[in-house]
Amino acid sequence: MAKKLMKGNEAIAAAAISAGATHFFGYPITPQSELIEYMARELPKAGGCFLQAESEVAASYMVYGAGGAGARVITSTSSPGLALKQEGLTYMISAGIPCVVVNISRGGPGLGNILPAQSDYFMCTRGGGNGDYYHPCFAPASVQECVDLVRHAFDVADKYRMPVLVLGDGMTGQMMEPCEIPPRQEVKADKPWAADGNHVARGEHNRINAMDLQADVLEAKNEDIQRRLKEIAETEVMYETVDVEDADIVFVAYGTSSRAVKNVLSKAKAEGLKMGLIRPISLWPFPTEAFDKIKKDCKAVIAVEQSCGQMVEDVRLAVLGRWPVEFYGRSGGNPIIPDDVLKMAKDILGGK
Amino acid sequence: MGRKLRLTIIVGHYGSGKTEFAVNYAMKMQDLYGDVAIADLDIVNPYFRTREIAERLENKGIRVISSVIGNKDSLSISAPALSPELNGLFQTEKYFGIIDVGGNPVGATALARFAHYLVEQDYNMYMVVNANRPETQSADEVIAFWEGIEDKSNLKINGIINNTHMIRQTALEDVRRGDRLAKAVSARTGIPVIYTSYIEEMVELGAYQTAGEPFAMELLMRPEWL
């Protein structure tokens, strides 16, 4: 397989097709429109169905329908578009529908702007719809990781019968990097629950449903959702650590922010300073176990985000008071300045 | 350094590295001749645009023309609002103009609005080619984009730039692969290869004879941490 130079958005679309996705429903929005453009051009060539919906809400229910019939289905959007999809997402949690949802996030709140931001952490991990649930959510930091995690997300979605999110910021979608796309696989996932007319005897039904009027039936459904989420929390954690064990300062950053922090680490190393990084790859489940690697007399754990502080709440829960937790953030689409992050870390080491 | 004409238009497949070449070319022309103006005519891409490094270019004395809203304020919105200043660039002879056009035939559509100014003067229109992009790996594919761009812009391409790279993983083999493609396109179209651009920090050309003049570039558009 030869490496090709691709934009994150294109690579995500190509990875979905290679993972055997047969259906895409979505609505264009900057900065992820290249993903939809690629799908419109390439998915029909692979025998799949591309449909531009009339809105994000409509797209989310097209996903519901295709997923409920057993298709490998994906939708993609950017921040305000994901806010619109929340109703469909909570219905899919209830109905047990596997799908992949890509969010190439932009500046918020509201319509915000088209620049990169990481202020959708809450919406993507907690789930922005009603009811008791979290979303499994993976955050790539490179174009190759976009490819790998989108393919992985389909498998996780099918295994646990629920929507799985892939969260990149605008930079992830727009940046160009070398990557390899594996050849397309035809997936024959066993979905005996699917409403495709093939799995039950005449007169019986597979029901795909998001409404349960009887208290005990709804409680039993909730218990089943919680059982699957617990299994995900125990088995689907992914993270990377860099020089954490010996570090006097440990940064926590995901996605493109982690790349700015890696730049900080190399600058710190050149000055003889010991700093490390925990990079959550699964944002939910959050990699709490990674924090056990931090040494007792580490001076601080610093969350670095392109937001006003969202993941930092999970960092505090993982730290559980063992070390001081600090926060560096930019918003509005402004970039993280590695030199400013380094200065903040040095001030903490210097006792300021 | 090529034929010095008053206007040089940079077109190509999107993601081929048009903007990276255009800003490097602007810097080089400013060093050699001065009075350079660069126009961002991209109505397709939201990021990695000339306007992002406007301040750096302006500090070098290069005039940057982009959106009617201004270089900085237009960064955060997706509105293809071209500046009326563009007319001045086409109509007066004060500047050595470099025009960075959006990718693909759809990006070249924005150029058609100015085509009537251009047919009356001598201009260069260079097609940037990157053999590592999935959609421009063969001469057939490049020529399909070429024809689409000429059709939408009502203008003729008269030079080829081999800009084949892999960002920070670029090796001489990438340049060679691009050379082969650029020569094949040149043989089919009868249009010469003007430059082979390469990232000086990463590629040692040595004795390798490139198609066209070698054009050394630095990565101006990519943040150092990315």
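Basis of the calculations
- Counting restarts for each chain, with residues numbered from 1 along the sequence as it is written.
- Throughout, the order in which chains and ligands are written sets their labels, letters from A for the former and numbers from 1 for the latter.
- Residue-level local features of this predicted model are given only where pLDDT is at least 70; pairs of side-chain atoms are given and counted only at 80 or more, and the full residue set underlies all totals for whole chains, interfaces and linings.
- The side-chain quantities take in all heavy atoms of the structure and omit both hydrogens and water.
- Elements are defined by DSSP. Helices are runs of H or I of four residues or more, strands are runs of E of two residues or more, and each kind is numbered from the N terminus.
- Put simply, the radius of gyration uses C-alpha atoms, and a globule should come to 2.2 Å times the residue count raised to 0.38.
- Each residue is assigned to one of three classes by its accessible area relative to the maximum for its type, calculated with a 1.4 Å probe on protein chains only: buried under 20%, partly exposed between the two thresholds, exposed over 50%.
- Here, two residues are considered to be in contact whenever any of their heavy atoms come within 4.5 Å of each other.
- We score Asp and Glu as negative and Lys and Arg as positive, and we do not count His or the chain ends.
- Throughout, a charge is located at the NZ atom of Lys, the CZ atom of Arg, the CG atom of Asp or the CD atom of Glu.
- Definition of nonpolar core: a set of buried residues of the types Ala, Val, Leu, Ile, Met, Phe, Trp, Tyr and Cys, connected through side-chain atoms within 4.5 Å.
- An automatic or database domain assignment provides the domain bounds reported here.
- Put simply, a salt bridge is a Lys or Arg side-chain nitrogen that is within 4 Å of an Asp or Glu carboxyl oxygen.
- Accessible area, probed at 1.4 Å, shrinks when two parts are joined; the buried area is that loss added up over both.
- Between N or O atoms, a polar contact is any pair within 3.5 Å; within protein, one atom must be a potential hydrogen donor and the other a potential acceptor, and residues adjacent in sequence are included only when both atoms are from side chains.
- Whether two strands pair comes down to DSSP finding at least two bridges between them.
- For helices, the fitted axis covers only the stretch in contact; all axes are lines through C-alpha atoms, and the angles between them, taken along N-to-C directions, range from 0 to 180 degrees.
- Side-chain classes follow a simple rule in which Ala, Val, Leu, Ile, Met, Phe, Trp, Tyr, Cys and Pro form the nonpolar group, Asp, Glu, Lys and Arg form the charged group, and the remainder, Gly included, forms the polar group.
- Each patch groups residues whose relative accessible area exceeds 30% and which form no salt bridge, using 9 Å between like charges and 5 Å between nonpolar side chains of Val, Leu, Ile, Met, Phe, Trp and Tyr.
- A 1.4 Å probe and the Shrake-Rupley method give the accessible areas. Residues count as covered only by the protein chains that appear here.
- Note on aromatic contacts: the rings of Phe and Tyr and the six-membered ring of Trp form a pair at centre separations within 6.5 Å, being stacked when their planes are under 30 degrees apart, edge-to-face when over 60 apart, and tilted otherwise.
- Counted as over-ring charges are cases with an Arg CZ or a Lys NZ within 6 Å of the ring centre that also lie within 35 degrees of the ring normal.
- In a helix, the anticipated span is given by 1.5 Å times the number of residues less one.

**Q** Is there a simple way to think about the overall build of chain B in this case?
**A** A count of helical and extended segments in chain B gives 7 helices and 8 strands. Scaling as 2.2 N^0.38, a compact globule of 226 residues should have a C-alpha radius of gyration of about 17 Å, and chain B matches this with 16 Å. Here the C-alpha coordinates of chain B stretch approximately 45 × 40 × 35 Å along the principal axes. Taken over 226 residues, chain B has a buried fraction of 61%. Long-range pairs, those at least 24 residues apart, make up 75% of the contacts in chain B between residues at least 6 apart in sequence. Of the side chains in chain B, 23 bear a positive and 29 a negative charge, and the two mean positions are spaced by 1 Å.

**Q** For this particular structure, what's the right way to read the nonpolar core?
**A** Nonpolar side chains in soluble globular proteins tend to be buried together. All names here are of chain A. Met39, Ile74, Phe251 and Val304 are the most contacted members of the largest nonpolar core, which totals 69 residues. Looking at which domains feed residues into this core, each of domain 1 (4–235) and domain 2 (239–349) gives three or more. Residues within four places of Met39 in sequence aside, it is in contact with Ala13, Ala16, Ile17, Phe24, Pro44, Phe50 and Ile74. In terms of nonpolar packing, the next biggest core, distinct from the first, is built from 44 residues, Ala58, Leu89, Leu167 and Ile294 among them.

**Q** Just checking my understanding: could you explain the pattern of salt bridges for this structure?
**A** Side chains carrying opposite charge are able to pair once their charged atoms draw close together. For the coordinates displayed, the defined rule picks out 36 salt bridges over all chains. For A:Lys346, the salt bridge is made with A:Glu271, and the minimal N-O distance between the two is 2.8 Å. Of this pair, A:Lys346 sits in helix H11 (residues 338–349) while A:Glu271 sits in the loop between helix H9 (255–270) and strand E11 (275–280), placing them 75 residues apart in sequence. Taking the relative accessible area as the measure of exposure, A:Lys346 reaches 34% and is therefore partly exposed. Between B:Glu85 and B:Arg63 there is a salt bridge whose closest N-O contact spans 2.6 Å. Remark: B:Arg63 occurs in strand E3 (residues 63–65) and B:Glu85 occurs in helix H3 (residues 85–91); sequence separation between them is 22 residues.

**Q** Explanation requested: the interface of chain B and chain A in the structure shown.
**A** Put simply, an interface is often sized by how much accessible area is lost when its parts join up. Across the boundary between the two partners, chain B contributes 24 residues, which contact 29 residues of chain A. A buried area of about 2400 Å², summed over both sides, lies between chain B and chain A, and 60% of it is on carbon and sulfur atoms. At the boundary of chain B with chain A, the tally comes to 4 salt bridges. We note a salt bridge from A:Lys267 to B:Glu224, for which the minimum N-O separation is 3.3 Å. The interface formed by chain B and chain A holds 11 residue pairs in polar contact (both at pLDDT 80 or more) in total.

**Q** Would you take a moment to explain the sheet that holds strand E13 (residues 300–305) of chain A for this structure?
**A** Within a sheet, each strand pairs with its neighbour through backbone hydrogen bonds, oriented either parallel or antiparallel. Residues and elements named next belong to chain A. In spatial order, the strands read E9-E11-E10-E13-E14; together these 5 strands make up an open sheet with mixed pairing. Only two strands of the sheet have a single neighbouring strand rather than two, namely strand E9 (239–242) and strand E14 (325–329). Adjacent strand axes in the sheet meet at a mean angle of 20 degrees, parallel and antiparallel pairs treated alike. In the packing of H9 onto the sheet, the strands contacted are E9, strand E10 (249–252), E11 and E13, and the crossing angle to E11 comes to about 165 degrees.

**Q** Could you clarify how one ought to interpret the domain arrangement of chain A in this entry?
**A** Residue and element names in this part refer to chain A. Domain boundaries assigned for chain A yield domain 1 (4–235) and domain 2 (239–349). Between the C-alpha centres of domain 1 and domain 2 there is a distance of 29 Å. Listed as interface residues are 31 residues of domain 1 and, on the opposing side, 24 residues of domain 2. For the domain 1 and domain 2 pair, buried surface summed over both sides reaches about 2300 Å², with 54% attributable to carbon and sulfur atoms. Its largest share of buried area at the contact with domain 2, domain 1 owes to Gln118, Tyr121 and Phe122, together 33% of the area lost on that side. Applying the counting rule to domain 1 against domain 2 returns 3 salt bridges. As a salt-bridge pair, Glu177 and Arg259 come within 2.6 Å of each other at their nearest N and O atoms. Here the element with the most residues in the side of domain 1 that touches domain 2 is helix H5 (residues 121–127); it accounts for 4 residues. Here the residues of the side of domain 1 that touches domain 2 are counted per class, giving 19 nonpolar, 7 polar and 5 charged.

**Q** Would you explain a nonpolar patch on the surface in this entry?
**A** All names here are of chain B. Among the surface-exposed residues, Ile43, Val44 and Val106 lie close enough to one another that they form a single nonpolar patch of about 200 Å² accessible area. Summarising the element assignment, Ile43 is placed in the loop between strand E2 (36–41) and helix H2 (54–59). On the accessibility criterion, Ile43 (33% relative accessible area) is partly exposed.

**Q** Can you help me understand the packing of aromatic side chains in this one?
**A** Two descriptors summarise a pair of aromatic rings, namely the distance from one centre to the other and the angle between the planes of the rings. Applying the stated criterion across every chain, the model contains 16 aromatic pairs over all chains. A centroid spacing of 6.1 Å and a plane angle of 45 degrees characterise the contact between A:Tyr61 and A:Tyr64, whose relative ring orientation is tilted. Highlighted residues: A:Tyr61 and A:Tyr64, both in helix H3 (residues 56–68), separated by 3 residues, approximately one helical turn. Judged by relative accessible area, which is 26%, A:Tyr61 ranks as partly exposed. When the centroid spacing of 5.0 Å and the interplanar angle of 15 degrees are considered together, the rings of A:Tyr134 and A:Trp284 count as stacked. A residue pair is termed long-range when its members are at least 10 positions apart, and A:Tyr134 in the loop between H5 and strand E6 (137–138) and A:Trp284 in strand E12 (residues 282–284) qualify at 150 residues. Among the residues examined, A:Trp284 registers a relative accessible area of 11% and is labelled buried. Across from the ring centre of B:Phe215, 5.8 Å away, lies the NZ or CZ of B:Lys28, which sits over that ring. Over the aromatic face of B:Tyr14 sits the side chain of B:Arg133, whose NZ or CZ is 5.7 Å from the ring centroid.

**Q** What is the right way to look at helix H7 (residues 172–189) of chain B in this model?
**A** Since the α-helix packs 3.6 residues into each turn, any two residues three or four apart lie on the same face. All names here are of chain B. Spanning 18 residues, H7 covers 26 Å between terminal C-alpha atoms, matching the ideal 26 Å at 1.5 Å per step. For H7, the full list of buried residues reads Asp174, Val175, Gly178, Asp179, Leu181, Ala182, Val185 and Ser186. Residues of H7 that are buried in the fold lie against strand E5 (123–129), helix H6 (139–153), strand E6 (159–162) and strand E7 (193–199). Residue Gly190 follows H7 closely and has a positive phi angle near 75 degrees.

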